[in-house]
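As a plain string of letters, each chain reads:
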Amino acid sequence: MTLPRTATTFFPPVMEARRWLDGVDFPPDRPLINVSQAAPVDPPPEGLRRAMAEVTLNNDEAHLYGPVLGLPELRAELARQTAEKYAGVVTDEQVCITSGCNQAFAAAIATLCGEGDEVIIPTPWYFNHKMWLDMSGVTAVPLPVEADMLPDPEKAAASITPRTRAIALVTPNNPGGVEYPAALVQEFFELARRHGIALILDETYRDFHSRPGAPHALFRDPDWHDTLIHLYSFSKAYRLTGHRVGALIASRARLAEVEKFLDTVAICPAQIGQHGALWGMQNLSAWLAEEREEILARRAAIADLMPKLEPQGWELLGLGGYFAYMRHPFDLSSADLARNLVRDAGVLCLPGTMFQPEGDRRGESQLRIAFANLDAAGLKVLFDRLAALPRNA
């Protein structure tokens, strides 16, 4: 008997982790520290909210179906800023807006893959990518990262078969936190081009990249669109998570196929959030620069705090974007440790087992810490709690 599509994959990890909170009390002197999800909890800046309210009250068309590929003004602004950021050429017709970045990935896969095709994704992987591949009848081919948490292009090349349709990368990486060097991204691009497959590059966290300048040079290639499918999210930059605004940049021919998918799934992305993203892009560059500096300060705080844990056997494997990816020292699987941390430390985080293929034991010693909502003082409390854990935790 053929399984329904949803039965071919696992339950959403973040939702599963939230259920660990059921029946657990957190006293006032030890409130819950939730580092399970990479989403800002603060609302957008007041100016952005006022702009969205103005649209809601006075723009009647914002309450109707909009263009399937998104507001033309937002597409044009993202094309302009992308070309400027990467010193390349991107046109309005190569940009579409989606209902979040996950939908952008889903749309990309729908244009690339048929039943039984393959997509190579580094492990530890972003679990929603794996879930969508499962539900699409596409085989996710794991590419275990090296000791530096970076994937090896030569090993990826060895995994390419006649059924391979794409390599999917996330940088700064979720869950690993590492920023892929520009030269490495270029190697994967050239590998994909040689084999006539796509490179899907998810840069959801690119606004918090630690290095100055463009993260890579792919858009400088005049024919980038023959290989690259670029994904982006406005959720993290402008705190628009609940409004679901993402983007996909690719060739005009691919966007014609994407339009079929988007029209069938959602008809159009929600218009109020798109207007908010447009206002943010046009008015919040200085504010976003400050947000980036704050995230980088929190990243630095984690690096400074690691000596508190290292004598106990903790190891920082990756750090960047919104994430610290760590190896724990305990003699039990991270799947059990993460549950115990809720009770024993008042900490909710995700175990590495949620980011690895079934049977891959590397995830058993790993944890992901999503630190976007903890300032330096909050991070110190988190590390104090981890340091206080007994060795038989």
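Definitions and limits used
- Residues numbered from 1 in each chain as written.
- Predicted model: local features only at pLDDT ≥ 70, side-chain atom pairs only at ≥ 80, totals over all residues.
- Heavy atoms only, no water.
- UniProt positions renumbered as here; feature names shortened; annotations may be inferred.
- Phe/Tyr/Trp six-rings, centres within 6.5 Å; stacked < 30°, edge-to-face > 60°.
- Helix = DSSP H or I, 4+ residues; strand = E, 2+ residues; numbered from the N terminus.
- Buried < 20%, exposed > 50% of the residue type's maximum accessible area, 1.4 Å probe, protein only.
- Core = buried A, V, L, I, M, F, W, Y, C linked by side-chain atoms within 4.5 Å.
- Contact = heavy atoms within 4.5 Å.
- Expected span 1.5 Å × (residues − 1).

Looking at an unreviewed UniProt entry, one finds the protein chain named aspartate transaminase and attributed to Sulfitobacter faviae. For the record of the protein chain, the UniProt heading Cofactor (unreviewed entry) holds the text "pyridoxal 5'-phosphate". For the record of the protein chain, the UniProt heading Sequence similarities (unreviewed entry) holds the text "Belongs to the class-I pyridoxal-phosphate-dependent aminotransferase family."

Per the stated rule, a full pass over the model turns up 11 aromatic pairs. With 6.3 Å between their ring centres and 85° between their planes, Trp 132 and Phe 261 make a pair best called edge-to-face. Highlighted residues: Trp 132 in helix 5 (residues 127-135) and Phe 261 in helix 9 (residues 252-265), separated in sequence by 129 residues. On the accessibility criterion, Trp 132 (27% relative accessible area) is partly exposed. Grouping aromatic residues by their ring pairs yields a cluster made of Tyr 126, Phe 127, Tyr 325 and Phe 355.

Side chains of a nonpolar character, in soluble globular proteins, are inclined to be buried together. Of all hydrophobic cores here, the largest spans 100 residues; its most connected members are Phe 234, Tyr 238 and Leu 382. Setting aside anything within four residues of it in sequence, one finds Tyr 238 in contact with Pro 44, Pro 45, Leu 48, Ala 277, Gly 280, Met 281, Leu 284, Trp 287 and Leu 288. Residues Ala 104, Ile 109, Ile 121 and Ile 200 belong to the second largest nonpolar core, which totals 30 residues.

For helix 3 (residues 72-86), which comprises 15 residues, the first-to-last C-alpha distance of 21 Å matches the rise-based estimate of 21 Å (1.5 Å per residue) to within 8%. Along helix 3, the residues classified as buried are Leu 74, Arg 75, Glu 77, Leu 78, Ala 79, Thr 82, Ala 83 and Tyr 86. Where helix 3 is buried, its residues touch strand 2 (95-98), strand 7 (228-233), strand 8 (246-249) and helix 10 (271-283). Just downstream of helix 3, Ala 87 is the residue with a positive phi angle, here 55°.

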